[in-house]
Structure formats: structure tokens, C-alpha cells
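# Observations on chain architecture
Here's the letter readout for the chains.
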Amino acid sequence: MSGRALSFGAMAEAYERFRPGYPVELFDMVMTYAGRPVRTALEIGAGTGKATRLFAGRGVTVTATEPDGAMLAELLKHVPANVKTVQAAFEDLRPGESYGLVYAAAALHWTNPEGRWPRVAALLEPGGVFASCGGPVELADPAVAEAVRAARAPFLDSDDVPSPDGTPPGHDMQWPGTELQRSEWFADVQQSVIERRWTMNARDYIGHLSTISAYLELPTSVQEQAYQRIMQVLPETVEIAGDVIVHLARRRRDQ
């Protein structure tokens, strides 16, 4: 995995505090798509367990995999006892047990594209479900967003994670749905959006930025300069647009 992918552990507590959780609508969407009871799941890149607790708290036996030990330690503070943890990158998992669901929440883009879908398929029961969810957390007010972009510019051109396969933002099917549609291992690819809006005070928004990999890769002194410059242009509270983009697919039974 890249250094950027492994940059979060030092900020595990901040990640837990400032990153949003996942709504129950996500669980309902996955279960409706599955069309049958899902008893076991494997999570790719569980982080501090934001999505883990959504599924485990509703009766799914989750195996949460995560390469960063600090993130796993934070996860264990928040998840129910039926969660099993494995400290490993997705690429280092060895096929063995198969699951009714394999999912990734804001983590799949950190995995190696080479052999990604055969690896996922090997972890799934025939007919099992793959789910990926995520999406940018953005300032809803265009004027505030532009002010922040200008304040950030001396330090970072962008804090986005670009689409791994180059799919443009306005395309009808976003990544990873684009890859799933091309994969021989999966069928019934669907894309849905769960709308989310909330407000944060300015300091908490800076806290959120402190968990974003683009900032974490900067030297500490440069990070602090960037946060100070951004803080100066923020109103007391900001409205956040953080829609969850959900991709669902089913493992082909004939593979």
C-alpha cells in the first residue's frame, strides 16, 4: 500500500472524532439488494470502525481487516464483541472462509487494482454481495469552498483523491461501478446515492481536514500553516455536503 494509504494511524482518534459515520439507510440498501439474510461479512480497510458498527450492530458477524494497528486499536473501542479483527492489507488476505458480504467504506481506492476483483470474488460465496461506499465531504456553500481553495493553494493544489480509473465526476456510473461492470466476476451492478447534509463549527472542520491524507503527507509545520490560513477564511459554522455513493454488485455463480 502507498504511504498515503497508511498515513491515517497517527490521527486515529481525530479520524474517529471528525469523520462522519454511516446512516442506517446504507445497511437497509445492502440488505434489500442481497434479498436474503446476510450473516457474515468481511470489511476491507475498516479504519476506526465507522461502517463496522453499522453492520455488526445489526447482527452481522463482521471480520474487520485493516493494515494500520493504531486504527484497529481505535476501532476496538467502539465496535460490538461479535467483530473479529485482522491486521492486514487487503492484498495480504488469504482465501479461506467465504462471506455473504464483502464491503469497503471509503477504503477501496487504497487497494491495488491488479487482481482486485478476483481477490474480492474469492472471499465471497457464489451469489454473495460486494458493496462499496464513500464520497467526498465538501463545503456546501460555493463561496466558502472557493475561499478555502484559495487559502489552501500555496500548500496543496487539491485535497481530493482522484478516481482510480479516471472516470470524470459527472459520469453516470462512477468508480468502482465502472470496473465492476467490466469484471467477469460480478453482475447486477447498481449505483445509488444517500444524501447527507450537516453543519460543523470551524474548528471541527479543521479537525476533519487533519484526517485527510493529502494534508497528512505535508510536513507538520506546513500542515499547521495551511490550517491557520484556512481557519481565517471560515465562518463560525459551515454546512457540509457529504453524500454517500453506494455501489453494489453480485458475485456470479458461474465463476
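Reading the values: the criteria
- Residues numbered from 1 in each chain as written.
- Predicted model: local features only at pLDDT ≥ 70, side-chain atom pairs only at ≥ 80, totals over all residues.
- Heavy atoms only, no water.
- Helix = DSSP H or I, 4+ residues; strand = E, 2+ residues; numbered from the N terminus.
- Rg over C-alpha atoms; globule rule 2.2 N^0.38 Å.
- Buried < 20%, exposed > 50% of the residue type's maximum accessible area, 1.4 Å probe, protein only.
- Contact = heavy atoms within 4.5 Å.
- Areas by Shrake-Rupley, 256 points an atom, 1.4 Å probe, with all protein chains shown as cover.
- Lys, Arg positive; Asp, Glu negative; His and termini not counted.
- Charge placed at Lys NZ, Arg CZ, Asp CG, Glu CD.
- Salt bridge = Lys/Arg side-chain N within 4 Å of Asp/Glu carboxyl O.
- pLDDT = per-residue confidence, 0-100.
- Phe/Tyr/Trp six-rings, centres within 6.5 Å; stacked < 30°, edge-to-face > 60°.
- Lys NZ or Arg CZ within 6 Å of the ring centre and 35° of its normal.
- Axes fitted to C-alpha atoms, helices over the stretch in contact; angles between N-to-C directions.
- Left-handed = near helix turned anticlockwise from the far one by under 90°.
- Nonpolar A, V, L, I, M, F, W, Y, C, P; charged D, E, K, R; others polar.
- Arc of directions from axis to C-beta.
- Polar contact = N/O pair within 3.5 Å; in protein donor to acceptor, adjacent residues only side chain to side chain.

### Examining the overall build of the chain
- When its secondary structure is counted, the chain shows 10 helices and 10 strands.
- Taken over the C-alpha trace, the chain has a radius of gyration of 18 Å; the compact-globule value for 255 residues is 18 Å, and the two agree within 12%.
- Looking at the chain as a whole, 51% of its 255 residues qualify as buried.
- A separation of at least 24 residues holds for 76% of the contacts in the chain among residues at least 6 apart in sequence.
- Only carbon and sulfur atoms are counted for the fraction: they give 49% of the accessible area of the chain, which is about 12,000 Å².
- Placing the 24 positive and 32 negative side-chain charges of the chain at their respective mean positions leaves the two points 4 Å apart.

### A few points about the side chain of Arg-196
- Looking at where Arg-196 falls in the secondary structure, it is placed in the loop between β7 (186-194) and β8 (197-201).
- Although buried, Arg-196 forms no salt bridge, and the nearest oppositely charged side chain, Asp-243, lies 6.4 Å from it.
- Ignoring anything within four residues of it in the chain, the contact list for Arg-196 reads Pro-20, Gly-21, Tyr-22, Pro-23, Ile-240, Ala-241, Gly-242, Asp-243 and Val-244.

### Quick notes on the confidence of the model for the chain
- Residues at a pLDDT of 70 or more form 96% of the chain, whose mean pLDDT is 94.
- Below a pLDDT of 50 lies the segment residues 1-7, which in the model reaches 19 contacts outside its immediate sequence neighbourhood of four places, other chains included.

### Quick notes on the packing of aromatic side chains
- Enumeration over the complete set of coordinates arrives at six aromatic pairs.
- Aromatic pair Trp-117 and Phe-186: ring centres 5.8 Å apart, planes at 75°, arrangement edge-to-face. Of this pair, Trp-117 sits in helix α5 (residues 116-123) while Phe-186 sits in strand β7, and the two are 69 residues apart along the sequence. Phe-186 matches Trp-117 in its accessibility class, with the two residues each being buried.
- Relative to Tyr-227, the ring of Tyr-215 has its centre 5.7 Å away and its plane inclined at 35°; by these criteria the two rings are tilted. Remark: Tyr-227 occurs in helix α10 (residues 220-233) and Tyr-215 occurs in helix α9 (residues 213-216); sequence separation between them is 12 residues.
- Taken together, Phe-27, Phe-55 and Tyr-103 form an aromatic cluster joined through their ring pairs.
- In this arrangement the basic side chain of Arg-58 is found over the ring face of Phe-27, its NZ or CZ atom lying 5.9 Å from the centre.
- Lying across the ring of Tyr-22, Arg-196 places its NZ or CZ 5.9 Å from the centre.

### Observations regarding the packing of helix α8 (residues 202-209) against α10
- Interhelical geometry of α8 versus α10 gives an angle of 145° and a closest axis separation of 10 Å. Crossing of α8 against α10: the hand is right-handed. Each of Ala-202, Arg-203, Ile-206 and Leu-209 in α8 lies in contact with α10, whose residues at this interface are Tyr-227, Ile-230 and Met-231.
- In terms of residue class, the contact of α8 with α10 is built from six nonpolar, no polar and one charged.

### Focus on helix α6 (residues 142-152)
- For α6, every residue scored as buried is listed here: Val-144, Val-148, Ala-151 and Arg-152. Projected down its long axis, α6 carries its buried residues within an arc of 95°, all on one side. Facing away from the buried side of α6 by over 90 degrees, the exposed positions are Pro-142 and Ala-143.
- At its buried positions, α6 is contacted by β6 (138-139), α9, α10 and β9 (237-241).
- Structurally, the start of α6 carries an N-cap: the backbone nitrogen of Ala-143 is 2.8 Å from a side-chain oxygen of Asp-141.

### Remarks on the environment of Lys-50
- By the element assignment, Lys-50 lies in the loop between β1 (40-44) and α3 (52-56).
- What makes Lys-50 buried here is its relative accessible area of 12%.
- Between the C-alpha atoms of Lys-50 and Arg-19, which are 31 residues apart in sequence, the distance is 8.4 Å.
- Not counting residues within four places of it along the chain, the set of residues in contact with Lys-50 comprises Tyr-15, Glu-16, Arg-19, Pro-20, Gly-21 and Tyr-22.
- At 2.6 Å, the side chain of Lys-50 forms a polar contact with the backbone oxygen of Glu-16.
- Among the polar contacts listed, one links the side chain of Lys-50 to the backbone oxygen of Arg-19, at a separation of 2.7 Å.

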